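Read off the chains here:
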Amino acid sequence: MDQLPCSPKEEIEGLVYFRRLCEKVRLMAAGKLHHDLHANLGKAMDLWACQFLGVEYDDLAERIRAGLTDEEVFSWAVENGSPRDVNEIAWWNSYMRNVGFRDGLSQRLVERIEESGLGERADNIRTMFDYIDADEGRA
């Protein structure tokens, strides 16, 4: 049975999206990740999160598949990647929470809303995070 990961808004150590990335990898390894999410696994927001942390997606995914908890994987990323201070994390969170709002992905957001049949709710979907939660039935 296909399963969806948690909301991208969920945080770990104050960082949005990382917990969702971990859940996607685990669900894929178990053969349970919703088929709509297969094509972008390790790409887009997954890749951005790894780039922000300064680690390779494949290395991170290997540790997730090995059974480390989200917290353990995050600690590994912090120890082995690029150090980030509180200001950089705040910037990252702000950026990620607003992707799709008056930026280079705005048109893609409009397309995704229409493709998903959520056009009647477009006024309440202003960012990709909003879209993901609406599309996956959380909002």
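For the structure itself, consult the block above.
Summarised in this report is the structure supplied together with it. Just so you know, these numbers come straight off a predicted model, no measurement behind them. (Residues numbered from 1 in each chain as written. Predicted model: local features only at pLDDT ≥ 70, side-chain atom pairs only at ≥ 80, totals over all residues. Heavy atoms only, no water.)

Points about the overall build of the chain
When helices and strands are tallied, the chain shows seven helices and two strands. Along its sequence from the N terminus, the chain presents helices and strands in the succession β-β-α-α-α-α-α-α-α. The C-alpha atoms of the chain give a radius of gyration of 15 Å, which matches the 14 Å a tight globule of 139 residues would have. In the chain, which comprises 139 residues, the share counted as buried stands at 40%. In the chain, once contacts between residues fewer than 6 apart in sequence are set aside, the share between residues at least 24 apart is 59%. Looking at the chain as shown, the accessible area adds up to about 7,700 Å², and 47% of this sits on carbon and sulfur atoms. Of the charged side chains in the chain, 17 are positive and 27 negative, and the gap between their average positions amounts to 2 Å. (Helix = DSSP H or I, 4+ residues; strand = E, 2+ residues; numbered from the N terminus. Rg over C-alpha atoms; globule rule 2.2 N^0.38 Å. Buried < 20%, exposed > 50% of the residue type's maximum accessible area, 1.4 Å probe, protein only. Contact = heavy atoms within 4.5 Å. Areas by Shrake-Rupley, 256 points an atom, 1.4 Å probe, with all protein chains shown as cover. Lys, Arg positive; Asp, Glu negative; His and termini not counted. Charge placed at Lys NZ, Arg CZ, Asp CG, Glu CD.)

Side note on unusual backbone geometry
Even without glycine at this site, Tyr-17 takes up a positive phi of about 80°. Within the secondary structure, Tyr-17 sits in the loop between strand E2 (15–16) and helix H1 (18–29). For Ala-44, which is not glycine, the phi torsion reads 50° and is therefore positive. Structurally, Ala-44 is set in helix H2 (residues 44–53).

Section: the side chain of Asp-46
By secondary structure assignment, the location of Asp-46 is in helix H2. Setting aside anything within four residues of it in sequence, one finds Asp-46 in contact with Tyr-17, Leu-21, Lys-24, Asn-40, Leu-41 and Tyr-57.

Overview of the packing of aromatic side chains
All told, the structure shown has five aromatic pairs when counted by the stated rule. Between Phe-52 and Trp-91, the ring centres sit 6.2 Å apart and the planes meet at 35°, which makes this aromatic pair tilted. Of the two residues, Phe-52 is situated in helix H2 and Trp-91 in helix H5 (residues 86–98); the sequence distance between them amounts to 39 residues. Grouping aromatic residues by their ring pairs yields a cluster made of Trp-48, Phe-52, Trp-91, Trp-92 and Tyr-95. Seen from the ring of Phe-52, Arg-84 lies directly overhead, with NZ or CZ sitting 4.5 Å from the centre. (Phe/Tyr/Trp six-rings, centres within 6.5 Å; stacked < 30°, edge-to-face > 60°. Lys NZ or Arg CZ within 6 Å of the ring centre and 35° of its normal.)

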